[in-house]
Protein chains: 2
Amino acid sequence: MGMHAMKRRQFLRRAGIAAAAVPLAAPALAQGRLEWKMVTSWPKNAPGVGINAQRLADRITALSEGRLTVRLFAAGELVPPFGGFDAVTSGAAELCHATPYYWAGKAKALHYFTGVPFGLTAPEMMGWIYFGGAQALWDEVYAPFGVKGFYVGSSGVQSGGWFRSEIKSAADLKGLKFRIAGLGGEVMKKLGVIVTLTPPGEIFAAMQSGAVDAAEWVGPWNDLAFGLHRIAKFYYQPGFFEPGPALELLVDKKKFDALPPVLQKVIEQASLATAAETLADFTRHNIEALEPLVREHGVQLRLWPADVVKAAGKAWKEVQAEVAAGDALTGKVDASFKTYLAKARRWARWSDYAVLRAREDGLA
Amino acid sequence: MGMHAMKRRQFLRRAGIAAAAVPLAAPALAQGRLEWKMVTSWPKNAPGVGINAQRLADRITALSEGRLTVRLFAAGELVPPFGGFDAVTSGAAELCHATPYYWAGKAKALHYFTGVPFGLTAPEMMGWIYFGGAQALWDEVYAPFGVKGFYVGSSGVQSGGWFRSEIKSAADLKGLKFRIAGLGGEVMKKLGVIVTLTPPGEIFAAMQSGAVDAAEWVGPWNDLAFGLHRIAKFYYQPGFFEPGPALELLVDKKKFDALPPVLQKVIEQASLATAAETLADFTRHNIEALEPLVREHGVQLRLWPADVVKAAGKAWKEVQAEVAAGDALTGKVDASFKTYLAKARRWARWSDYAVLRAREDGLA
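So, here's what we can say about the structure. Please read these numbers as outputs of a predicted model, since none were measured by experiment. (Residues numbered from 1 in each chain as written. Chains lettered and ligands numbered in written order. Predicted model: local features only at pLDDT ≥ 70, side-chain atom pairs only at ≥ 80, totals over all residues. Heavy atoms only, no water.)

**Regarding the overall build of chain A**
Part 1 of the reasoning: The helix and strand inventory of chain A stands at 15 helices and 11 strands.
Part 2 of the reasoning: Expressed along its principal axes, the backbone C-alpha trace of chain A runs to roughly 75 × 45 × 45 Å.
Part 3 of the reasoning: For chain A, buried positions account for 60% of its 364 residues.
Part 4 of the reasoning: Averaged over its 42 positive side-chain charges, chain A has a centre that lies 4 Å from the centre of its 34 negative ones. (Helix = DSSP H or I, 4+ residues; strand = E, 2+ residues; numbered from the N terminus. Buried < 20%, exposed > 50% of the residue type's maximum accessible area, 1.4 Å probe, protein only. Lys, Arg positive; Asp, Glu negative; His and termini not counted. Charge placed at Lys NZ, Arg CZ, Asp CG, Glu CD.)

Now the structure itself:
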């Protein structure tokens, strides 16, 4: 800051005028203060998603020292729950905290950047995005829309869903109305399920009214908060549809590119920090929430029957082939994903899977 | 910054004198530019550890816009590989990137903040540190030393180690000279192993000279970089001693507390960001490194024999009881850890373990 600007600021401060509010000569942006809107798909303060979106907004504001102040809007406050993509592309908001597959209607390839059935765990996904070439592919998918996505964490392994009655075999799924998001829904359709994508904030009401027979949302922590155990008692594990689904910060690319480099850095680094914090938050709270669900609320934990997993795996291979064949870019994303997943599975057998087994054997 | 200070600075800058080196009147620190030293236990640019330490240093420098510039020193450049703790407590460096159990000689409880045998995976550990009360316990352990630790990521599941010949049962371990860090070493001693803690940069030489018969370091990526496959061909999995060991940023607490709040925030948030990036980096590179180890270098992957896992589990329970009984604070940390681990194991059975199994079953 030059002497002149400094004196001017002191004057403005003494006069009780916020220096930042006064337009300065170029480079005004570098010296000015911005306020950006962040819309979300989540109910206000929803555990995990809503709270971590708020933390991300606060983190950007704090690290930028208020040069970029982010104001959060819960689902429905500024735009509808699934209106975030249009809000950012239309300029109604600069930022959106959601998950890429909510916009898969715009580009099928977006499914991969949330995650697909029988896909990557959260650490594997972070590896693919940050170091496995997936960020560049993701940027390519979003380029025609003028937006960019940042990975901002994961719920970890999700749960399979809440059912009013036991699922003893794949036959029991036929004709069931199931709220399920993403390509897991496409897989379920092939198993005879009637699939709906109820917005997060309406899942409980849909279950209560019988609009759906069953629903998946996230995992013990979030599902407990939504009260799904009050309606259905059979809780199927694991959510093999979503082994490590990604949350995203969607950004207006043009406005992002126009930011001073330090504020771009703040958004990037705040996203990285949020990725760690969000995974930790979900992991810890799922760990804590499982016991009360079972002990206090009489929830019955169930593993999916083997024939459901097998049939879902077969159906997923068909769905994946269809999705990948849809357009060249989706095919390219699918190829990168498939190569990486094959290697990730090999390593997981010797590492994550083997260590969880050894932990049980050793501590038995 | 006042006018006078500003003119003085311009003068100093023109005169080629670093302003930060000149004592200024209070609150000089808030307005000045600082240069901090970060020592590490790692060889220069060692994959994973050395590179992520450098990224953390650069991240603090960038987010602070140079107000806090961090200069990295590899092992031996300023202090010896295991000299980081003393460097920070003596004031020779402000920061150290290492792992808490390297200082377990100062306080036994520090083992838990790296991780213990049959302990927490990386996401579970992050949950315990950030949201499970462990940061407060960690602060309590470090308080008498005037330092504070920040979690800065994990290698993910480590590998069990490199052996010149097959380990067909626990009996084959007896009398073996094994380089192994942490409480895994104490466990191994109970199995008749002769344990040494060779500094990271000297492991290859120790293996080559026969000073040790076997060694564990990190996992495929790091072990490949160290060339351990050139000496031993049997690679045991998983590293049940270290399911999700933590890296730490050790900070001089007094100097940290004297920083302006925004620079404290920068260190905290840079640590969080590094946690995500580091786990992603290790995960992706281990995934990529496994294949060349096997295909190009003829490495033989082996799971530990069941009796080794069982004997190690039994030995660990004894070691844990001894460690926890050592002093009141370690007992308190152990109790928090044990309660959390019991719940984490329950959730992992329905989530991480179940989903990795479903992935294999579904894609078979």
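**Quick look at the sheet that holds strand β4 (residues 147-154) of chain A**
All names here are of chain A.
Part 1 of the reasoning: One open sheet accounts for five strands, arranged β2-β1-β3-β10-β4; its pairing is mixed. Two strands in the sheet have a free side with no partner beyond their single neighbour: β2 (68-73) and β4. In this sheet, adjacent strand axes meet at a mean angle of 25 degrees when their direction is disregarded.
Part 2 of the reasoning: Pairing of strand β3 (residues 95-98) with strand β10 (residues 246-252) involves four bridges; the strand directions are antiparallel. Among the inter-strand pairings, A98 is bridged to a residue of β10, identified as E248.
Part 3 of the reasoning: Helix-sheet contacts for helix α3 (residues 49-63) involve β1 (34-40), β2, β3, β4 and β10, and the interaxial angle to β2 is about 165 degrees. (Pairing = 2+ DSSP bridges. Axes fitted to C-alpha atoms, helices over the stretch in contact; angles between N-to-C directions. Contact = heavy atoms within 4.5 Å.)

**Focus: helix α8 (residues 183-190) of chain A**
Part 1 of the reasoning: Inspection of α8 of chain A places L183, G184, G185, V187 and M188 of chain A among the buried residues, and these make up the whole buried set.
Part 2 of the reasoning: Along its buried surface, α8 of chain A packs onto α5 (110-114), β6 (177-179), β7 (194-196) and α13 (306-325) of chain A.

**A closer look at the pairing of β3 of chain A**
Residue and element names in this part refer to chain A.
Part 1 of the reasoning: In β3, alternate side chains face the same way, and those of L95 and H97 on one face and C96 and A98 on the other are all buried.
Part 2 of the reasoning: Alignment of β1 against β3, held across three bridges, turns out to be parallel. Its bridge partner being in β3, T40 is matched across the sheet by H97.

**A short note on the relation of the copies chain A and chain B**
Part 1 of the reasoning: Mapping chain A onto chain B calls for a screw motion: a turn of 180 degrees about the axis and a shift of 0.0 Å along it, with 0.0 Å RMSD after fitting. Interpreted geometrically, this transformation is the action of a two-fold axis. Taking C-alpha positions as reference, the residue of chain A nearest the rotation axis is A273 of chain A, located at 1.9 Å.
Part 2 of the reasoning: Here 100% of the contact residues of chain A are again contact residues in chain B; the copies associate through an equivalent surface. (Least-squares fit on C-alpha atoms with pLDDT ≥ 70 in both.)

**Thoughts on empty space enclosed by the protein**
Part 1 of the reasoning: Throughout the structure, instances matching the rule amount to five cavities of 30 Å³ or more.
Part 2 of the reasoning: For the largest cavity, the calculated volume is near 420 Å³.
Part 3 of the reasoning: Looking at the lining of the largest cavity, the elements that each hand over two or more residues are α6 (122-131), α12 (261-295), α14 (328-350) and α15 (352-363) of chain A together with α6 (122-131), α12 (261-295) and α15 (352-363) of chain B.
Part 4 of the reasoning: Ranked by residue count, the leading element in the lining of the largest cavity is α12 of chain B, at five residues.
Part 5 of the reasoning: Taken together, the residues that form the lining of the largest cavity break down as 19 nonpolar, 12 polar and four charged. (1 Å grid on protein atoms, 1.4 Å probe; cavity = no way out; pocket = protein on both sides within 12 Å on 5 of 7 lines; lining within 4 Å. Points joined across faces, edges and corners; volume = space filled by probe spheres on them. Nonpolar A, V, L, I, M, F, W, Y, C, P; charged D, E, K, R; others polar.)

**Let's talk about helix α14 (residues 328-350) of chain B**
Each full turn of the α-helix corresponds to 3.6 residues, which orients residues three or four apart in the same direction.
All names here are of chain B.
Part 1 of the reasoning: For α14, with 23 residues, the first-to-last C-alpha span of 34 Å sits near the 33 Å given by 1.5 Å per residue.
Part 2 of the reasoning: Considered for burial, the residues of α14 that qualify are T330, V333, D334, F337, Y340, L341, A344, R345, W347 and A348.
Part 3 of the reasoning: For α14, the N-terminal capping position is held by D327, with its side-chain oxygen 3.3 Å away from the main-chain nitrogen of L329. (Expected span 1.5 Å × (residues − 1). Polar contact = N/O pair within 3.5 Å; in protein donor to acceptor, adjacent residues only side chain to side chain.)

**Structural notes on the environment of A246 of chain B**
All names here are of chain B.
Part 1 of the reasoning: Here A246 shows up in strand β10 (residues 246-252).
Part 2 of the reasoning: For A246, a relative accessible area of 1% gives the class buried.
Part 3 of the reasoning: Considered as a pair, A246 and T121 are 125 residues apart in the sequence and their alpha carbons are 9.6 Å apart.
Part 4 of the reasoning: Ignoring any residue separated from it by four or fewer positions in sequence, one finds A246 in contact with T99, P100, F113, T114, M125, Y151 and G153.

**Concerning the packing of α14 of chain A against α15 of chain B**
Part 1 of the reasoning: Packing of α14 of chain A against α15 of chain B leaves a shortest axis separation of 11 Å and a crossing angle of 130 degrees. One element, α14 of chain A, and the other, α15 of chain B, form an angle in the oblique class. Helix-helix and strand crossings are classified by hand; for α14 of chain A and α15 of chain B the assignment is left-handed. Side by side, α14 of chain A and α15 of chain B meet where L341, A344, R345, A348 and R349 of chain A of the first sit next to L356, R359, E360 and L363 of chain B of the second.
Part 2 of the reasoning: For the contact of α14 of chain A with α15 of chain B, the per-class residue count stands at five nonpolar, no polar and four charged. (Parallel < 35°, antiparallel > 145°, perpendicular 65-115°, else oblique. Left-handed = near helix turned anticlockwise from the far one by under 90°.)

**Concerning the packing of aromatic side chains**
All names here are of chain B.
Part 1 of the reasoning: A complete count under the given rule lists 53 aromatic pairs over all chains for this structure.
Part 2 of the reasoning: When the centroid spacing of 4.9 Å and the interplanar angle of 15 degrees are considered together, the rings of F118 and F240 count as stacked. Placement of F118 in the loop between α5 (110-114) and α6 and of F240 in the loop between β9 (234-237) and β10 is noted, with a sequence separation of 122 residues between them. Each member of the pair, F118 as well as F240, carries the same accessibility label: buried.
Part 3 of the reasoning: Ring centres of Y130 and Y151 lie 5.8 Å apart, and the angle between their planes is 85 degrees; on these two criteria the pair is classed as edge-to-face. A residue pair is termed long-range when its members are at least 10 positions apart, and Y130 in helix α6 and Y151 in strand β4 (residues 147-154) qualify at 21 residues.
Part 4 of the reasoning: On the basis of relative accessible area, Y130 is assigned to the partly exposed category, the value being 24%. (Phe/Tyr/Trp six-rings, centres within 6.5 Å; stacked < 30°, edge-to-face > 60°.)

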